[in-house]
Amino acid sequence: MRFLNKMERRFGRFAIPGLMKYVIACYIIGYIFEYVAPDALNYLTLEPYLILHGQVWRLISWVLIPPSGSNIIFFIIMLVLYYQLGTVLEQTWGTFRFNLYIFGGVIFTILGAFFLFLVYKMMGIAVPYPMGGSFSTYYINLTIFLAFAVCYPDMKVMLYFIIPIKMKWMAAVYGVLIAYSFVVSSWSGRVAILSSVLNFLIFFAMTRHMAASPKELRRRQNFKKQVHQSRGTAGGAIHKCAICGRTELDDPNLQFRYCSRCKGNYEYCQDHLFTHKHVE
């Protein structure tokens, strides 16, 4: 958490607000290529061998590759779903952390592809070509869904617009599908899966919700009783953390955000935004 806070203070200004709009735009471009000039996709895939021989645009262009076997109806539903999920996650985590999660998945996938290529070369095994067809943002999108389910496990969605089901059960189904895909995929597909899942695990290990101590619970209960009286009266401060009571007057570098999962208007500093127990 401290490491992420330092990174956000230093690089937060470079974060891209509304990142999901650009992710969706990449998918739309990819589907246009698939229907208008499908052969052009062969020049966009993540192929380490070709990248090392000058086709450096493939380091970026592979994010345009859409999931295979998707019809237009599924495509539209997928765009709407992942745009909503990503937007909520950005509001929950903040722009910088959401950017870090998405770009982390992209970077891990690139590193995984080059690692697999290096293993093939070191073992004297012929590198399968093309191998880049297995690398797309498909599994990165799946980890967006898993991340949302971790943050909002009891939120209900309408499966096929008819069946209400909680996100945690949907995530369990997705987990089984990912495990099955790992078993039946080629090594390229397995690396793509591992890269995305590893990014998911590392991110949540760094931002895990820690259980509040009894002292913190008592402090939160006291603050809940006095929040309306104390807000805006601490020497003219505008922001005040509901856990530690610090304001922007204590440290001008502190960042404050409201928690969308707490019942009521509770504001937390950067050190307690992801570690507090949500007020029900």
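S.K.: Honestly, the overall build of the protein in this entry has me stumped. Any pointers?
M.R.: Counting secondary structure elements, the protein contains ten helices and four strands. The proportion of buried residues among the 280 residues of the protein is 43%. For the protein, the proportion of contacts with a sequence separation of at least 24, taken over those separated by at least 6, is 65%.

S.K.: What exactly am I supposed to notice about the confidence of the model for the protein here?
M.R.: Averaged over all residues, the pLDDT of the protein equals 78, while 83% of them reach at least 70. Note that residues 209-218 has pLDDT below 50 and, in this model, ten contacts with residues that lie over four places away or in other chains. Segment residues 227-234: pLDDT under 50, and nine contacts once partners within four positions in sequence are set aside and those in other chains are kept.

S.K.: How should the nonpolar core be read in this particular structure?
M.R.: Inside soluble globular proteins, nonpolar side chains tend to come together where they are buried. One finds Tyr82, Leu89, Trp93, Tyr101, Ile144, Phe145 and Tyr268 to be the most contacted residues of the largest nonpolar core, which totals 63 residues. By residue number, the principal contributor to this core is helix α7 (residues 138-151), which donates ten residues. With residues up to four places along the chain from it excluded, the contact list for Tyr101 reads Trp93, Thr143, Ile144, Ala147, Asn199, Phe200 and Phe203.

S.K.: Mind showing me how you'd approach α7 here?
M.R.: Since the α-helix turns once every 3.6 residues, residues separated by three or four places project in the same direction. Between its terminal C-alpha atoms α7 stretches 20 Å, which fits the 20 Å expected from 14 residues at 1.5 Å a residue. Burial analysis of α7 places twelve of its 14 residues in the buried class, the great majority of the element. Residues of α7 that are buried: Tyr139, Ile140, Asn141, Leu142, Thr143, Ile144, Phe145, Leu146, Ala147, Phe148, Ala149 and Cys151.

S.K.: How should I be thinking about the packing of helix α6 (residues 95-122) against α7 in this particular structure?
M.R.: Two numbers describe a pair of packed helices, the interaxial angle and the distance between the axes. At a minimum axis distance of 10 Å, the contact between α6 and α7 shows a crossing angle of 140 degrees. Taken together, α6 and α7 sit at an angle that is classed as oblique. As for how α6 packs across α7, the hand of that crossing is right-handed. For the pair formed by α6 and α7, the contact residues are Tyr101, Ile102, Gly105, Val106 and Thr109 on the first element and Ile140, Thr143, Ile144 and Ala147 on the second. The residue inventory of the contact of α6 with α7, partitioned by class, reads six nonpolar, three polar and no charged.

S.K.: Even after reading the chapter, I still don't get the side chain of Glu267, so can you show me in this structure?
M.R.: Locating Glu267 in the fold gives a position in strand β4 (residues 267-269). Looking at Glu267, its side chain comes within polar contact range of the side chain of His239, at 2.5 Å.

S.K.: So what exactly am I meant to see when it comes to a nonpolar patch on the surface here?
M.R.: Together, Ile28, Ile32, Tyr35, Val36, Ile72, Ile73, Ile76, Ile77 and Val80 line one region of the surface with nonpolar side chains, adding up to about 850 Å² of accessible area. With five residues, the single largest contributor to the nonpolar patch is helix α5 (residues 72-93). Positionally, Ile72 belongs in helix α5.

S.K.: Looking at this structure, how should I read the state of the cysteines?
M.R.: Disulfides are covalent bonds that link the sulfur atoms of two cysteine residues. Summed over all chains, the structure comprises zero disulfides. Summary of cysteine pairing: Cys151 is not part of a disulfide, and the nearest cysteine sulfur, belonging to Cys259, is at 9.8 Å. A relative accessible area of 2% places Cys151 in the buried class. For the unlinked cysteine Cys262, the closest cysteine sulfur is that of Cys259, found at 3.7 Å.

S.K.: Help me understand α5, please; the structure alone is not making it clear to me.
M.R.: Its 22 residues place the ends of α5 31 Å apart at the C-alpha level, agreeing with the 32 Å of an ideal helix rising 1.5 Å per residue. Among the residues making up α5, those that are buried are Phe75, Met78, Leu79, Tyr82, Leu85, Gly86, Leu89, Glu90, Thr92 and Trp93. One or two positions beyond α5, positive phi appears at Gly94, with a value near 100 degrees.

Criteria and cut-off values
Residues numbered from 1 in each chain as written. Predicted model: local features only at pLDDT ≥ 70, side-chain atom pairs only at ≥ 80, totals over all residues. Heavy atoms only, no water. Helix = DSSP H or I, 4+ residues; strand = E, 2+ residues; numbered from the N terminus. Buried < 20%, exposed > 50% of the residue type's maximum accessible area, 1.4 Å probe, protein only. Contact = heavy atoms within 4.5 Å. pLDDT = per-residue confidence, 0-100. Core = buried A, V, L, I, M, F, W, Y, C linked by side-chain atoms within 4.5 Å. Expected span 1.5 Å × (residues − 1). Axes fitted to C-alpha atoms, helices over the stretch in contact; angles between N-to-C directions. Parallel < 35°, antiparallel > 145°, perpendicular 65-115°, else oblique. Left-handed = near helix turned anticlockwise from the far one by under 90°. Nonpolar A, V, L, I, M, F, W, Y, C, P; charged D, E, K, R; others polar. Polar contact = N/O pair within 3.5 Å; in protein donor to acceptor, adjacent residues only side chain to side chain. Patch = residues over 30% accessible without salt bridge, like charges linked within 9 Å, V, L, I, M, F, W, Y side chains within 5 Å. Areas by Shrake-Rupley, 256 points an atom, 1.4 Å probe, with all protein chains shown as cover. Salt bridge = Lys/Arg side-chain N within 4 Å of Asp/Glu carboxyl O. Disulfide = S-S within 2.5 Å.

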